[in-house]
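# Fold and geometry: a report
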Amino acid sequence: MRKQWMGLVLMIGLAGCGGGGGVITDTAAPQISQVELGWRSQTLYVSAVVQDAETGVASVVARVVAGNQTQTVVLQLQSASRYEGALPSNTARVTLIARDHAGNERTTDELIAPPPNPPF
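Residues numbered from 1 in each chain as written. Predicted model: local features only at pLDDT ≥ 70, side-chain atom pairs only at ≥ 80, totals over all residues. Heavy atoms only, no water.

A word on the environment of His 101. Take His 101: it is sitting in the loop between strand S7 (91-100) and strand S8 (105-107). Along the primary structure His 101 and Gly 56 are separated by 45 residues, whereas in three dimensions their C-alpha atoms are 6.1 Å apart. (Helix = DSSP H or I, 4+ residues; strand = E, 2+ residues; numbered from the N terminus.)

If you want it as structure tokens, here you go:
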């Protein structure tokens, strides 16, 4: 009877933890697509779709060269996977950096900011 009881406990234990499978390791960086950089109402915005299927997106930032300084702007989640942020008005160049929860990073090529819209 004791052997049957131990066998039942072992089967329940293995079923509860997924059969004792291995740990999944995330080595893939997030994907960045549909990057847009443009002016709206005299404010320069950058937006992009950022996705990570394994561990999820932890952060999206823009590294901005404005004047003679480099700044970091944190982009905010706007919808399912679109991130957006307002940039300093004197921004010249922008690079996006996305990081997932496993620490993997992807960086875009540097983007040149368009000139501001003329006032009307």
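There's plenty left to go through after this.
Here we take up the pairing of strand S2 (residues 43-51). Bridge count between strand S1 (residues 31-40) and S2: 8 bridges; the pairing is antiparallel. Along S2, the bridge assignment pairs Gly 38 with Tyr 45. Bridge count between S2 and strand S6 (residues 82-87): 6 bridges; the pairing is antiparallel. Each residue of the ladder has a partner; that of Leu 44, found in S6, is Leu 87. (Pairing = 2+ DSSP bridges.)

Strand order in the open sheet made by the 4 strands is S1-S2-S6-S5, with antiparallel pairing throughout. Lying at the two open borders of the sheet, with one neighbouring strand each, are S1 and strand S5 (76-77).

Another point: the nonpolar core. Grouped together as the largest cluster of nonpolar side chains are 19 residues, with contacts concentrated most on Val 46, Val 50, Val 60, Ala 62, Leu 75, Leu 87 and Leu 96. At the level of elements, S1, S2, strand S3 (57-66), S6 and S7 are the ones that each hand at least two residues to this core. Setting aside chain neighbours within four positions, we find Val 46 in contact with Val 35, Glu 36, Leu 37, Ala 62, Leu 75, Tyr 83, Glu 84, Gly 85, Leu 87, Val 94 and Leu 96. (Core = buried A, V, L, I, M, F, W, Y, C linked by side-chain atoms within 4.5 Å. Buried < 20%, exposed > 50% of the residue type's maximum accessible area, 1.4 Å probe, protein only. Contact = heavy atoms within 4.5 Å.)

Moving on: the confidence of the model for the protein chain. Caution is warranted with low-pLDDT regions, since their predicted coordinates should not be read in detail. Looking at the protein chain as a whole, the pLDDT averages 86, with 79% of positions reaching at least 70. In this model residues 5-16 is a low-confidence stretch, pLDDT under 50, and it forms 2 contacts with partners more than four residues away in sequence or in other chains. (pLDDT = per-residue confidence, 0-100.)

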